[in-house]
Each structure stands twice: as C-alpha cells, then as structure tokens.
Amino acid sequence: QNPKTSAIVKQLLDEGNAAELQKYFGSRMEFGTAGLRAAMGAGISHMNDLTIIQTTQGFCRYLEKNFSDLKKRGVVIGFDARAHLSSGGSSKRFARLAANTFISQGVPVYLFSDITPTPFVPYTVTHLKLCAGIMVTASHNPKQDNGYKVYWENGAQIISPHDKGIAQAIEENQEPWPQAWDDKLIDSSLLLHDPYATVNKEYFKDIQKQCFHRNINKATNLKFVHTSVHGVGHKFVQLAFKAFDLSPPFAVPEQKDPDPEFPTVKYPNPEEGKGVLTLSFALAEKDGAKIILANDPDADRLAVAETPESGEWKVFSGNELGALLGWWIFTCWKNHNRDNCAVKDVYMLSSTVSSKILRAIALKEGFHFEETLTGFKWMGNRAKQLMDQGKAVLFAFEEAIGYMCCPAVLDKDGVSAAVITAEMASFLATRNLTLSQQLKAVYNEYGFHITKASYFICHDPKVIQQLFDNLRNFDGKNTYPKSCGRFKVSGIRDLTTGYDSSQPDQKAILPTSKSSQMITFTFANGGVATMRTSGTEPKIKYYSELCAPPGNSDIEQLKKELDELVNALEKHFFQPEKNNLQRKTE
C-alpha cells in the first residue's frame, strides 16, 4: 500500500521490464544472524514497508512460540536517521510499522521516540528485561541501504538456530495482517511506551562505572574533535563527555547533524581511512585539538586519530586501539582490585580475525583470553555466558573498529568507547605520553603485533566460490597450499568445512558455517592470515598478523616481512587479475 513502491512496480509492468522485475521479485532478502541488510526500494529483495511488515510478523510469531510472557515483557525498537525519498522508506517509518505489528497482537512495545545509537537497543533489552530488541539501521553501509538487526532476551545479537526459526516464520506469515499498514494506530495505544528519557538517564549512569580519573578529566587541557559522520552520535557523545566530567569535544559542524544523504563523504564509514576524516583534520588543526574521535552513522563503531607535534595524522587501526583499550581497561581494573586471586575470574575476548595482542597481555597478567568467531553476536553471547557464571568480562573487541568496554551493553558501543578513549588520553597526557607512545610501550612489554588487513570487491558469488574451491584443491583434490610464494604454510583451519590441521582429530574447535567462506593459514615464520567473505557486503576480506616475542624490537623488519607475506597472499591466493577482483581504494 505504499504509493511510491507500488508506482515503481506498476511502471516496470507497463514497460514490460522483466529483467528489473526479476531483480525486485526473483528472491526474498535472506534473514540471517545479522537480521536483514539490503537497499531500500520495491519488491521482496529490498527493504520496504511490505518486507518490514512480513519480517516483523514472522518475528512476532517466533517470539510468541518462545516466550509465554511476551505480552507482559514486550520488545524494544530503535532506529537511525536513514531515509530514501524515491521509495518512501525510512528507518523511522520501518520502526513504526514494526511497532504496529507487535501492538496489534497485544505485545508491549518500547519504541524510541527519536533516533538513537544502536547500542541503546541491547542496553534496553537487558535493562528493562525485555524478550527482544530490533534496531532499524544499516550502520555504515551506502546511503540507499537499510537493515533490521535483532537482539535476543540476553541482550546479545541472535545466533543460530534463531535466525533459521525466524526466517521460517517469515515465510509462513507473508500476508499482511489486518491494519498492518496503519501505523497511526500505535499513537493511541496503551501498549506503546517511550524508553528514551529513562534509557538516556540510566545508560550514562551505568557507563560512569568505567570512569576512574574524574579529577584528571576535569583538569585536562587536551582537546578532542568528534564527528558523527552525518549519523546519530553527536548528542550522545557530548552527553558521555559530560558524564565523565570532560569538556565537550569540538563537533565537526558539517557532519554533526543527521543527514541520510551523507553529503561530505564517499562512504559513511570511518574504517575506510583518512578520506572520511578530512573535515575532522581541518577542524582539529584550527582549534588545536590533538585527538579525533569518529563514530560511524549508528555510533556502534569508533575510529581514533592523533596528531604528533609535527607530521601526519596517525589513524589507529582497530587492532591498535584494541591493544590500547585492552591495556587501559585491565590497568584500571588492577588498580581497583588489590586481591590477586580475583584475576582468575577476569576475561577478555576478541574475534578470530583480530590481533592476538589480548592473548599476550592475558598470558603475562594472569587473566583469561578467549577468541570467538567473527562478529559481536559471538562475543556478546559468550560474554553473557561467562557473566552468568560469575566471571568479569572486562573488554571485547574486533578489528573492524568495534569495542565492548562496558558490561551493560553486550555489543559494540562507539559512545562508551569514545569517552573511555578520551579519559585514557587525558590520563596519558599527565604522564607526557601520547596514545602512539603508549601503544609502543604496550608492544614493548607484551610483544609487537603487526597487522595488515584489506579486501577485494567481487560481485560474482561464483567467482568467490571458485576462488575458495581452488584453495581447498590446490595441489590436487582435497589438498590445501603447502606454501605461499616463499612462505611455508605450517597450519590450516577451514571454518567452512570444519577442518583444522592443528587438532589431533583434525576437527576445528570453533563453530563452522557452510554458508560463509573462511580459511586461516598459519606460516612457519609466525605469521597468520585469514581470508573470509563478508556477511553484509560484496567483499573478500583478508587479515594478517605477525607476532614477535617481547624484546624483539626490530619493528621495521617485522613490517617488511608482513608486507611481503601480504603481497604473496594477494598474488598466489587471491589472483586478482585472473579473478577480476577490484582492490580497495582510498
């Protein structure tokens, strides 16, 4: 019943444009553990009023089956600022339609009345003890995209088998229920609640448990620049600084207000490097700020840059900031917990494609480190299991600039990460240390961990499949490569097939998934490289790392060795020319 998407379809029918109609209606968007992520537009392959109604009807039926008290507890729904004029779709509209679906079945809905960071949804699930949460966002994807992210009652993103159960329920509930389109009905419903004021108060109270140096924060002369890259983060990072008694950061004026067109950047993703930070650099230089904090549009990720006294800005990689935050959060914990035995119950987590720096810190300091599969859905669920056993999970991170610094949110959170980074930098400044200098100190103490990651773009799933098949049948059937150029392969773990050469029974310990590609190669020189497909973008990604024991400080030699390993990986395993792969461009 959306006049804009209906008109698009009618026009294609009038033109007899079978190819476009096939694109719109050939296959339904797949509901996976990341929920939905697709372009806004007409047809069942896109995000629109109808597909949101169908998805929520399926999700509602699935929740009814799993929770006898759903009508007592309810769900939370949040949304970002995305909008798509030509199809009439927007995150707010989709959130209201989803709310209407639940309310029509007698389920209470806590619908945020305004835009909110993604981490506020899992926080609300936990804080209000709800059955589930939905966040309508496409994070840092291109402007035409939107998404539908789902959290379970434990406050973490869903994992299997829930994705399959929800997908099946969507298939079984495709016809819109009566009044499904009329979202105005919710405004007069007693089942509609607005958690905005409560959550804003409670969240900022909770993150203050991670504030350890209020006096330093009050006195610091260090200046910060913050950009929300046309997303939702501005107001919330300002409030976080206030909660920690820090002077507010300078906001990049052209980017501080939400704008679904993202007019000043090619990609609204701070992970893409310096291009996204151009305006931040200019403002920092004008105002004498030493540090830049950049959130992605839904404020669940954080990028950080620092200027030395002279020279170029240093943009920290996700692994480097993970090393700094891991060191900082453990140091703060240690200073407040004098009981030496307590360290046995302390955990930190990171994903398997992230740097192993936390493992090195854990070995030396005596706490536990665990790695999980890629994605915060795994870290959030594992953190909850550990917390339920009475363990303290201090920190989790992944290299894609995602950090969980506060146990109140079991997902990555760019708001708390921004303010904790600011407190760390302010503390270091009292010791006349920069973030870069402290990072070097961490590596000197725990061993240098040099990482390099990038990706190739490939829109043809057949080419991707063929590339990975070739790696599994490299020297004849069912044989993996024994070397990559001059680098000897010493171990292989394939989490698509479940093979792990390092295990006695050759079976991988981490869960396997046939629906995504992921192979990790260990090399005789101590290097590790993982190749995997992305769950949300047409990319084949790679992650590489060289770890040196403490005391090996020839960092230039390590970097050279890693560069050569990466070049060999691209040349022999990716074969970009042969496979017509498009390189990442700045």
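Quantities reported herein were computed from a predicted structural model and do not represent experimental measurements. (Residues numbered from 1 in each chain as written. Predicted model: local features only at pLDDT ≥ 70, side-chain atom pairs only at ≥ 80, totals over all residues. Heavy atoms only, no water.)

1. So, the pairing of strand 18 (residues 449-457)
Working step 1: Looking at chain direction, strand 18 and strand 24 (residues 539-547) are connected through nine bridges and run antiparallel. Among the inter-strand pairings, Phe456 is bridged to a residue of strand 24, identified as Ile540.
Working step 2: Sheet analysis places strand 18 next to strand 25 (residues 582-583), joined by two bridges and oriented antiparallel. Following the sheet pairing, Phe456 is matched in strand 25 by Arg583. (Pairing = 2+ DSSP bridges. Helix = DSSP H or I, 4+ residues; strand = E, 2+ residues; numbered from the N terminus.)

2. Describing helix 11 (residues 278-287)
Working step 1: Those residues of helix 11 that sit buried are Ser280, Phe281, Leu283 and Ala284. Down the axis of helix 11, the smallest arc covering the buried residues is 170°, so these residues share one side. Away from its buried face, by an angle of more than 90 degrees, helix 11 presents the exposed residues Glu285 and Lys286.
Working step 2: If you follow the buried residues of helix 11, they end up packed against strand 9 (224-227), strand 10 (250-251), strand 11 (291-295), strand 12 (302-306) and strand 13 (314-315).
Working step 3: Trailing helix 11 by a residue or two, Gly288 shows a phi angle of about 70°, which is positive. (Buried < 20%, exposed > 50% of the residue type's maximum accessible area, 1.4 Å probe, protein only. Arc of directions from axis to C-beta. Contact = heavy atoms within 4.5 Å.)

3. Here we look at the UniProt feature "domain: Alpha-D-phosphohexomutase alpha/beta/alpha" (unreviewed entry) in the chain
Working step 1: Sequence positions flagged by UniProt for "domain: Alpha-D-phosphohexomutase alpha/beta/alpha" (unreviewed entry) are, in local numbering, residues 29-175, 201-306 and 346-446.
Working step 2: Secondary structure content for residues 201-306 is 32% helix and 15% strand, and the end C-alpha separation is 31 Å.
Working step 3: Measuring from the first to the last C-alpha atom of residues 346-446 gives 18 Å, for a span that is 50% helix and 21% strand. (UniProt positions renumbered as here; feature names shortened; annotations may be inferred.)

4. A look at the nonpolar core
Working step 1: One finds Phe59, Phe102, Phe395, Tyr403 and Met531 to be the most contacted residues of the largest nonpolar core, which totals 163 residues.
Working step 2: Counting ten residues, the second-largest nonpolar core is a separate cluster that includes Tyr347, Met379, Leu386 and Leu410. (Core = buried A, V, L, I, M, F, W, Y, C linked by side-chain atoms within 4.5 Å.)

5. Considerations on the sheet that holds strand 15 (residues 368-372)
Working step 1: Taking strand neighbours across the sheet as the criterion, the four strands line up as 15-14-16-17 in an open arrangement whose pairing is mixed. In this open sheet, the two edge strands, each paired with only one partner strand, are strand 15 and strand 17 (402-404). Mean inter-strand twist for the sheet, computed between neighbouring axes without regard to direction, equals 15°.
Working step 2: In this structure, strand 16 (residues 392-398) lies alongside strand 17, joined through three bridges in antiparallel fashion. Each bridged residue has a counterpart across the sheet, and for Phe397 the counterpart in strand 17 is Tyr403.
Working step 3: Seen against the sheet, helix 13 (residues 357-365) touches strand 14 (346-351), strand 15 and strand 16 and runs at an angle of roughly 160° to strand 15.
Working step 4: Lying over the sheet, helix 14 (residues 376-388) contacts strand 14, strand 15, strand 16 and strand 17, oriented at roughly 175° with respect to strand 16. (Axes fitted to C-alpha atoms, helices over the stretch in contact; angles between N-to-C directions.)

6. Thoughts on the environment of His46
Working step 1: Mapped onto the elements of the fold, His46 is located in the loop between strand 1 (36-39) and helix 3 (49-66).
Working step 2: Judged by relative accessible area, His46 falls into the buried class, the value being 16%.
Working step 3: Residues His46 and Tyr267 lie 221 residues apart in sequence; the distance between their C-alpha atoms is 20 Å.
Working step 4: Among residues more than four places away in sequence, those in contact with His46 are Tyr24, Met29, Ala39, Met40, Gly41 and Thr51.

7. A word on the sheet that holds strand 11
Working step 1: The strand order across the open sheet formed by five strands is 10-9-11-12-13, and the pairing between neighbours is mixed. Bordering the open sheet on either side are strand 10 and strand 13, each of which pairs with just one other strand.
Working step 2: In this sheet, strand 10 lies alongside strand 9 in parallel orientation, the contact comprising two bridges. Bridge pairing in strand 10 places His226 opposite Ala251.
Working step 3: Here helix 11 sits on the sheet in contact with strand 9, strand 10, strand 11, strand 12 and strand 13, set at roughly 155° to strand 9.

8. With respect to the packing of helix 12 (residues 318-336) against helix 13
Working step 1: Interhelical geometry of helix 12 versus helix 13 gives an angle of 25° and a closest axis separation of 9 Å. Classified by the interaxial angle, the pair formed by helix 12 and helix 13 is roughly parallel. In the crossing of helix 12 with helix 13, the sense of the turn from one axis to the other is right-handed. In this structure, helix 12 uses Gly322, Ala323, Gly326, Trp327, Phe330 and Lys334 to contact helix 13, whose residues at the interface are Ile357, Leu358, Ile361 and Glu365.
Working step 2: Looking at the contact of helix 12 with helix 13 residue by residue, the class counts come to six nonpolar, two polar and two charged. (Parallel < 35°, antiparallel > 145°, perpendicular 65-115°, else oblique. Left-handed = near helix turned anticlockwise from the far one by under 90°. Nonpolar A, V, L, I, M, F, W, Y, C, P; charged D, E, K, R; others polar.)

9. With respect to the pairing of strand 23 (residues 527-533)
Working step 1: A large share of strand 23 lies buried, amounting to six of its seven residues.
Working step 2: The sheet contact formed by strand 22 (residues 518-523) and strand 23 spans five bridges and is antiparallel. Looking at strand 23, one finds that Ile519 is bridged to Met531.
Working step 3: Where strand 22 folds back on strand 23, the antiparallel hairpin that results is connected by three residues, among which Gly526 adopts a positive phi of roughly 90°.
Working step 4: Relative to strand 24, strand 23 runs antiparallel, the two being bridged by seven bridges. Across the sheet, residue Ala529 finds its bridge partner in strand 24, namely Ser544.
Working step 5: Following strand 23, the chain reverses through five residues before pairing antiparallel with strand 24.

10. Digging into the packing of helix 10 (residues 233-243) against helix 15 (residues 414-430)
Working step 1: Two elements in contact, helix 10 and helix 15, have axes whose closest approach is 9 Å; the angle formed by their N-to-C orientations is 40°. One finds that helix 10 runs oblique with respect to helix 15. Here the hand of the crossing between helix 10 and helix 15 comes out right-handed. Contacts between helix 10 and helix 15 involve Phe236, Val237, Ala240 and Phe241 from the former and Val415, Ala418, Val419 and Ala422 from the latter.
Working step 2: Of the residues belonging to the contact of helix 10 with helix 15, the class tally is eight nonpolar, no polar and no charged.

11. Observations concerning unusual backbone geometry
Working step 1: Along the chain, Ser160 connects to Pro161 via a cis peptide bond; the corresponding omega equals 10°.
Working step 2: Relative to the helices and strands, Pro161 is located in the loop between strand 7 (145-151) and helix 7 (162-172).
Working step 3: Positive phi, close to 45°, is recorded for Phe262, a residue that is not glycine.
Working step 4: As for its position among the elements, Phe262 is in the loop between strand 10 and helix 11.
Working step 5: At Asn478, a residue that is not glycine, the phi angle is positive and equals roughly 55°.
Working step 6: Along the chain, the position of Asn478 falls in the loop between helix 17 (461-472) and strand 19 (483-484).

12. Quick word on helix 14
Working step 1: Its 13 residues place the ends of helix 14 18 Å apart at the C-alpha level, agreeing with the 18 Å of an ideal helix rising 1.5 Å per residue.
Working step 2: Along helix 14, the residues classified as buried are Phe376, Lys377, Met379, Gly380, Asn381, Ala383 and Leu386.
Working step 3: Elements in contact with the buried residues of helix 14: strand 14, strand 15, strand 16 and strand 17.
Working step 4: Just downstream of helix 14 lies Gly390, where phi reads positive at about 85°. (Expected span 1.5 Å × (residues − 1).)

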